[in-house]
Amino acid sequence: MSLVNLSIFFDRSDLIYNTGEQITGHVAFKLNTIRNLTCIKLKIKGKAKVKWSDLVTTTDSKGKLQFGRVWRTSDEEYFKTVVPLDQQIGKFELTPGQYLYPFSVTLPPNIPASFVGIHGRIFYYAKVTVMFEKHDNAEKKSYFRVVNLLNLNHYPALRSPTVVERYRRFYQCCCFPAGKISLTASVPRSGFAKNETIPLSLKANNDSFFSIREIFIYVNRKTEWRSGENRKFTIEKLKTINIRALNSNTTRSWVESVQMPLAEFPFIENCQIIRMRYEIQVKVDTENTNCDLDLFIPISIGDIPLTERDPANEEDLPPSYNEVIQGAGTSLGESNHNLSSMSISTICS
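Reading guide: rules and limits
- Residues numbered from 1 in each chain as written.
- Predicted model: local features only at pLDDT ≥ 70, side-chain atom pairs only at ≥ 80, totals over all residues.
- Heavy atoms only, no water.
- Helix = DSSP H or I, 4+ residues; strand = E, 2+ residues; numbered from the N terminus.
- Buried < 20%, exposed > 50% of the residue type's maximum accessible area, 1.4 Å probe, protein only.
- Contact = heavy atoms within 4.5 Å.
- Areas by Shrake-Rupley, 256 points an atom, 1.4 Å probe, with all protein chains shown as cover.
- Salt bridge = Lys/Arg side-chain N within 4 Å of Asp/Glu carboxyl O.
- Pairing = 2+ DSSP bridges.
- Axes fitted to C-alpha atoms, helices over the stretch in contact; angles between N-to-C directions.
- Phe/Tyr/Trp six-rings, centres within 6.5 Å; stacked < 30°, edge-to-face > 60°.
- 1 Å grid on protein atoms, 1.4 Å probe; cavity = no way out; pocket = protein on both sides within 12 Å on 5 of 7 lines; lining within 4 Å.
- Points joined across faces, edges and corners; volume = space filled by probe spheres on them.
- Nonpolar A, V, L, I, M, F, W, Y, C, P; charged D, E, K, R; others polar.
- Polar contact = N/O pair within 3.5 Å; in protein donor to acceptor, adjacent residues only side chain to side chain.

Novice: Any chance you could break down the overall build of the chain for me, citing the residues and the numbers?
Specialist: Assigned secondary structure in the chain consists of one helix and 20 strands. Looking at the 349 residues of the chain, the share that counts as buried comes to 46%. Taking the contacts inside the chain whose residues are at least 6 apart along the sequence as the reference set, 72% of them involve residues at least 24 apart. Surface exposure of the chain reaches about 18200 Å², of which carbon and sulfur atoms provide 49%.

This is how it looks when you write it as structure tokens:
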């Protein structure tokens, strides 16, 4: 082949860029023979794709159930920029030798971060196309990552503490009461940076005939995948902490230091087909396997930690979360990234 070593080189070796940042680099290739070049262009694009299958049942003409799978797919594009690398118009001759074409493109400021999950991904790439006469073309594609830094200080509601309570009653045969187990969990705020430790205050009251075998603490990532009206939900347990048993008729209060796991926490906004949020889950495993207790605290994980608020500069604070994003405290399907908090939430069962 007359063209060899077609490559895209980025000036940044780690290939990681912030939203709104300028990407610079160059395209290089070697030509072994004289060729007539018609066009050389670079396309930089960002998009998301989701795909999963659902089990569906239908009834045939004889009334028999038929089972099958239907694939759900969706995609959306965030931006596409095409840069002509050679300013000459029309066909022109290239002699043998090494060629280098610099490029510079600025990313849009409000695009979602790169992300790869079980049912989809958000990705960005640069693709160069070298077009010669007689449709003898060559292409090369290179991927890069985009990060969207989350400044927790932009959302004042994250400074508020969160308290969640749950309890479960137990019954023996003939509906005879066997006591109850209650659990209270709280955090001093609901926004934490990736390198912070979460002080989780817990109070477990076992006023029942059953022992608590173990208490688990999880840091979960909940992801919602969308394709039209169809939804798929997945939960990843990013961190697990085990706590020893609690005997019957016992109360214990303590503070558990939850260190943020060594994982990526992409801030995904302005994406309509992938939604994400984080939570702390506390699970009580009892002797009665049918009566376990679960408690959930929504949290936000960002890049820039919350700082101390200066009352003298109160008027300079960023706008409230409700002013920035409609629907604070909504469900996963209504919020890309959980940026809400609750003062008290009591759930009984």
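Novice: Help me get a handle on the pattern of salt bridges, residues and values and all.
Specialist: Counted according to the given criterion, the structure contains 14 salt bridges. Close ionic contact of Arg12 with Glu21 constitutes a salt bridge, the shortest N to O distance being 2.5 Å. Exposure remark for Arg12: the relative accessible area of 31% places this residue in the partly exposed category. In this structure, Glu224 and Arg226 form a salt bridge, with 3.1 Å as the shortest nitrogen-oxygen distance. When its relative accessible area of 2% is taken as the criterion, Glu224 is described as buried. Via salt bridges that share partners, Lys222, Arg277 and Glu279 belong to a single interconnected network.

Novice: Just give me the short version of the sheet that holds strand E13 (residues 191-193), but keep the residues and values in it.
Specialist: Taking strand neighbours across the sheet as the criterion, the five strands line up as E13-E19-E18-E15-E16 in an open arrangement whose pairing is mixed. Looking along the sheet, the strands with just one partner apiece sit at the ends: E13 and strand E16 (230-243). Within this sheet the neighbouring strands show an average axis-to-axis angle of 35°, counted without direction. In this sheet, strand E18 (residues 274-286) lies alongside strand E15 (residues 212-227) in antiparallel orientation, the contact comprising 13 bridges. Looking at E18, one finds that Ile217 is bridged to Val282.

Novice: Can you lay out the packing of aromatic side chains for me, pointing to particular residues and giving the numbers?
Specialist: Inspection of the entire model under this criterion finds 14 aromatic pairs. Judged by centre distance (5.9 Å) and plane angle (90°), the ring pair of Tyr17 and Phe144 falls under edge-to-face. Pair noted here: Tyr17 is in strand E2 (residues 16-18) and Phe144 is in strand E10 (residues 137-147), with a separation of 127 residues, a long-range link. Here Tyr17 falls in the buried class, since its relative accessible area comes to 2%.

Novice: Tell me about the layout of surface pockets, and name the residues and values.
Specialist: The volume enclosed by the second largest pocket comes to roughly 210 Å³. Forming the walls of the second largest pocket are Ser114, Phe115, Val116, Arg121, Ile122, Phe123, Tyr124, Tyr143, Phe144, Arg145, Glu264 and Pro266. Among the elements that line the lining of the second largest pocket, the one with the most residues is strand E9 (residues 120-132), at four residues. For the lining of the second largest pocket, the class distribution of residues is eight nonpolar, one polar and three charged.

Novice: Mind laying out the side chain of Ser182, listing which residues take part and the relevant values?
Specialist: Inspection of the secondary structure puts Ser182 in strand E12 (residues 177-187). Residue contacts for Ser182: discarding those within four places in its chain leaves Arg166, Tyr167, Lys203, Ala204 and Asn205.

Novice: Before we move on, could you go through the sheet that holds strand E3 (residues 22-31) and cite the residues and values that matter?
Specialist: Taken together, the three strands give an open sheet; going across it, the order is E1-E3-E7, and neighbouring strands pair in antiparallel fashion. Each edge of the sheet is formed by a strand with only one pairing partner; in this case those strands are strand E1 (3-10) and strand E7 (97-106). The mean inter-strand angle of the sheet, taken between neighbouring strand axes irrespective of direction, is 15°. Summarising the sheet, E1 and E3 pair through six bridges and their orientation is antiparallel.

Novice: So what about the pairing of E16? Which residues, and what values?
Specialist: Two elements, E15 and E16, share 13 bridges in a ladder whose sense is antiparallel. Within E16, the position partnered with Arg221 by the bridge is Glu236. Linking E15 back to E16 in an antiparallel pair, the connection comprises two residues, with Gly228 at a positive phi of about 65°.

Novice: Summarise the side chain of Asn153; cite the residues concerned and give the values.
Specialist: Tracing the backbone shows Asn153 in the loop between E10 and strand E11 (162-171). The class for Asn153 is buried, based on a relative accessible area of 12%. Within the local environment of Asn153, its side chain forms a polar contact with the side chain of Asn151, the two groups lying 3.0 Å apart.

Novice: With reference to specific residues and values, describe unusual backbone geometry.
Specialist: Phi is positive for Leu15, which is not a glycine, with a value near 60°. For Leu15, the location among the structural elements is in the loop between E1 and E2. Phi angles above zero are rare outside glycine, and Asn270 is one such case at about 60°. Looking at the element boundaries, Asn270 is found in the loop between strand E17 (250-259) and E18.

Novice: So what about the environment of Phe192? Which residues, and what values?
Specialist: Residue position: Phe192 is located in strand E13. In this structure Phe192 comes out as buried when scored by relative accessible area, which is 0%. Considering only alpha carbons, one finds Phe192 and Met260, 68 residues apart in sequence, at a separation of 8.9 Å. What Phe192 contacts, discounting residues up to four positions off in sequence, is Leu152, Val187, Ile198, Pro199, Ile299, Ser300, Ile301 and Gly302.

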